[in-house]
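# Coordinate analysis (summary)
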Amino acid sequence: MAYEDSITGQILASHLVKGRLTLGEEIGIRIDQTLTQDATGTLVYLEFMSLRVDRVRTGRSISYVDHNTLQTGFENADDHRFLQSAASRYGVYFSRPGNGICHQVHLERFGISGQTLLGSDSHTPTSGGLGMLAMGAGGLDVALAMAGAPFYMRVPKVTLVRLTGKLPPWVGAKDVILHLLGKLGVKGGLGRVMEYGGPGVGFLSVPERATITNMGAELGAWTSLFPSDETTRRFLKAQGREGDWLPVTAREGADYDEVIEIDLSTLEPLTACPSSPDAVRPIRELSHVKVDQVAIGSCTNSSYRDLKTAAMLLKGRRVHPDVSLVISPGSRQALAMLAQDGGLAHMIEAGARILEVACGPCIGMGQAPPSGGVSLRTFNRNFPGRSGTPDARVYLCGPQAAVAASLTGRLTDPRELGDPPGVAEPDAFLVDDSMILPPPDEGGGVTVRMGPNIKPLPNLEPLPDEIKMALLLKVGDNITTDDILPGGAKVLPLRSNLPAIPQHVYALKAPGFAAKAGQAEAVAILGGENYGQGSSREHAALAPRYLGVRAVLAKSFARLHLANLINFGILPLMVEKQAYDRMEEGETIALAGLHHTVETLDRVEVKCEKMGFVFEAGLNLSGRERNIILAGGRLNYERARLSKRVTVHGLLRSP
Ligand code: MIC
Ligand code: SF4
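Quantities reported herein were computed from a predicted structural model and do not represent experimental measurements.

Of all nine residues in helix 7 (residues 206–214), nine are buried, a share of seventy percent or more. Buried within helix 7 are the following residues: Val 206, Pro 207, Glu 208, Arg 209, Ala 210, Thr 211, Ile 212, Thr 213 and Asn 214. On its buried face, helix 7 sits against helix 4 (102–110), helix 6 (173–184), strand 10 (192–197), strand 11 (223–225), helix 8 (230–238) and helix 9 (304–314).

This is how it looks when you write it as structure tokens:
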């Protein structure tokens, strides 16, 4: 029985450049491909430029524009221009606005079975549907991977999700992952890779597999992946790139930490209720819930087949008068195929509002629901406020249930619609890569164009030996990065303008926090379990750091946010329930002798000066992570390491 025999183990072993494949140990792996999107990408390219590397050193790096496509001012358009010029300068493919959501396009046009992919977006595991080890990471990790540095991670546990049986009619891939979320919860995948196997895999197409791996992010998993088999080969062939196929399957005797069995034939249409992806219930129990908006799209459910299925269900029918149905296709390929085969006409005739090919409503870029309204979405997140309407109630489901509700005006089990439309995967997709600009062979002469919305990176101070912090915020379990730094059309355009963004930290959950933090010298935050679940946005660490946050104390951390806290020099301290319960907002927290402690110890003495009690918090860091914290963040650390070869770039200066 060996770890290396699982698919995860095989890919890790073939990419290992540092460390050993021992559970929990830190390893460094080689990254073959990277992806960035515009909302995180501007920072990634600023960071990459500060490393002074002339050209990316990966097999394929792609810069997508899909999040910030609502251009209500110059900001987003300026950012797009910056990204296009930076891609050309540094050897990166540029997927133009209008070409599609990064994960959907990556699956269609770039992913390669058996390779590694690192993306500055938490749903990067979508390409796990092709048998890739595809992981989300903070932007700085992606910038370093583009520069050829290894990606550091702890050797994860691997869970085998063994699928048997076949999905019944009207039940889709979304129901598989919702079932798992209902069973395991949003913390269920922490520290693990979810590896799919078993005879049921053969009945799932690549886009269906990708729906499942995409939403593994909501389980908190490192990543999720499927074997690469004949179905994968057929999909890549239909995309005109059979050469990117490689068989990847688990070997006999693969050792898994845990095995979960799912008999696909027993599943039924499900929905995640407000406001967490794990609040899962059968739709049939909720037919009394009236719906104001239905949104179909996002990187989870807007493949050609998903959309064609929706189109066939809408054919000859009319959207309910109380429902606004919005459809945002996942890729230009899918939309162009629907336009050619008549599917788009069915949608338009039924009364659907066709949106741009982009993330759109999924990240609150338009289409906020009405006050107190119910929105049913084929997306992956229904966190409070994410839709743009603070008191909206968002449910998640698959495309068939979404169409059913758009027709009846209430949550509807799609089985009520009669016979399913039975749309098959196409034998050949429409391939037209003219909206993907390949980089020139030589980028040296290209000027990177920066508009006024792009501000330099801040220079972060190293960790002091002693620090007194005002505990300005105590929050509960499962705080999301949307709570820490909201998305939406107002805040997202500021992602490349770091001085403008900190005032939005905790703006919905704890208005006033940013103003108070601005007055304190140093600040601490206290969180519960799974602090920072959700997105990869490093801004959720960098913006608090801007406000003086030097430590986050929590019962446990989500892995992407934890890595971002470390990357920006914020101390992640683990607290027990007892200490969590005793501490209150307004406390003064003192830490002393930090240099020695962070260098060598696993525990930090925390003094609560006002209440006069002292306790020990855990510091669970690798040697490399300790040095990063001491240096005040990853850029300082990497620059110090590179300083023999590299001079500090002009982009790095004090805020
Ligand atoms: C999301 O779905 O929350 C996002 C927007 O795609 C984020 C990235 C970001 O904040 O830019 C993610 O999931 O990583
Ligand atoms: Fe875009 Fe939504 Fe997918 Fe994030 S989850 S990448 S916002 S479609």
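Moving on, we get to the sheet that holds strand 11. Read from one edge of the open sheet, four strands run 11-10-9-12, paired in parallel fashion. Single-partner strands in this sheet number two, and they are strand 11 and strand 12 (258–263). Adjacent strand axes in the sheet meet at a mean angle of 20 degrees, parallel and antiparallel pairs treated alike. In this sheet, strand 12 lies alongside strand 9 (residues 157–164) in parallel orientation, the contact comprising six bridges. Within the sheet, the bridge partner assigned to Leu 163 lies in strand 12 and is Ile 262.

Next up on the list: the site of ligand 1. Lining the immediate environment of ligand 1, one finds 14 residues, of which Asp 121, Ser 122, Arg 386, Ser 536 and Arg 537 sit closest. Contact distances for ligand 1 include 2.8 Å between an oxygen atom and a backbone N or O atom of Ser 536. In the model, an oxygen atom of ligand 1 is placed 2.6 Å from a nitrogen or oxygen of the Arg 537 side chain. In isolation ligand 1 exposes 330 Å². Once the protein is present, 96% of that is buried. Residues of the shell around ligand 1, tallied by class, amount to two nonpolar, seven polar and five charged.

A few words now on the confidence of the model for the protein chain. Confidence in the prediction of the protein chain, expressed as mean pLDDT, is 96, and 98% of residues score 70 or more. Scored below 50 in pLDDT, residues 646–655 shows 24 contacts in the model against residues more than four places distant or in partner chains.

A few words on the packing of helix 9 against helix 11 (residues 343–350). Any two packed helices are characterised by how steeply their axes cross, that is the angle between the axes, and by the distance between the axes. Interhelical geometry of helix 9 versus helix 11 gives an angle of 50 degrees and a closest axis separation of 8 Å. Here helix 9 lies oblique to helix 11, going by the angle between them. As for the relative orientation of helix 9 and helix 11, their crossing is left-handed in sense. The segment helix 9 lies against helix 11, with Leu 307, Lys 308, Ala 310, Ala 311, Met 312 and Leu 314 engaging Gly 343, His 346, Met 347 and Ala 350.

By the criterion of burial, strand 9 is predominantly enclosed, with six of the eight residues buried. Pairing between strand 9 and strand 10: six bridges, direction parallel. When the bridges of strand 10 are listed, Val 158 appears paired with Val 193. Taken together, strand 9, helix 6 and strand 10 constitute a β-α-β crossover, and its handedness is right-handed.

Attention now moves to the nonpolar core. Counting 84 residues, the largest nonpolar core has Ile 29, Phe 151, Tyr 506, Phe 513 and Tyr 531 as its most contacted members. Discounting chain neighbours no more than four positions away, the residues touching Phe 513 are Leu 472, Leu 473, Val 505, Tyr 506, Val 523, Ile 525, Leu 547 and Val 549. Ranked by size, the runner-up nonpolar core spans 45 residues in total, among them Leu 130, Tyr 304, Val 319 and Leu 344.

Turning to unusual backbone geometry, a few remarks are in order. Here the residue pair Pro 274 and Ser 275 is connected by a cis peptide bond, since its omega of -5 degrees sits within 30 degrees of zero. For Ser 275, the location among the structural elements is in the loop between strand 13 (270–272) and strand 14 (280–282). Positive phi outside glycine occurs at Ser 298, with the angle close to 80 degrees. Positionally, Ser 298 belongs in the loop between strand 15 (293–297) and helix 9.

The rules behind each value
- Residues numbered from 1 in each chain as written.
- Chains lettered and ligands numbered in written order.
- Predicted model: local features only at pLDDT ≥ 70, side-chain atom pairs only at ≥ 80, totals over all residues.
- Heavy atoms only, no water.
- Buried < 20%, exposed > 50% of the residue type's maximum accessible area, 1.4 Å probe, protein only.
- Helix = DSSP H or I, 4+ residues; strand = E, 2+ residues; numbered from the N terminus.
- Contact = heavy atoms within 4.5 Å.
- Pairing = 2+ DSSP bridges.
- Axes fitted to C-alpha atoms, helices over the stretch in contact; angles between N-to-C directions.
- Near = heavy atom within 4 Å.
- Polar contact = N/O pair within 3.5 Å; in protein donor to acceptor, adjacent residues only side chain to side chain.
- Areas by Shrake-Rupley, 256 points an atom, 1.4 Å probe, with all protein chains shown as cover.
- Nonpolar A, V, L, I, M, F, W, Y, C, P; charged D, E, K, R; others polar.
- pLDDT = per-residue confidence, 0-100.
- Parallel < 35°, antiparallel > 145°, perpendicular 65-115°, else oblique.
- Left-handed = near helix turned anticlockwise from the far one by under 90°.
- Right-handed = clockwise from strand over helix to strand, strands pointing away.
- Core = buried A, V, L, I, M, F, W, Y, C linked by side-chain atoms within 4.5 Å.

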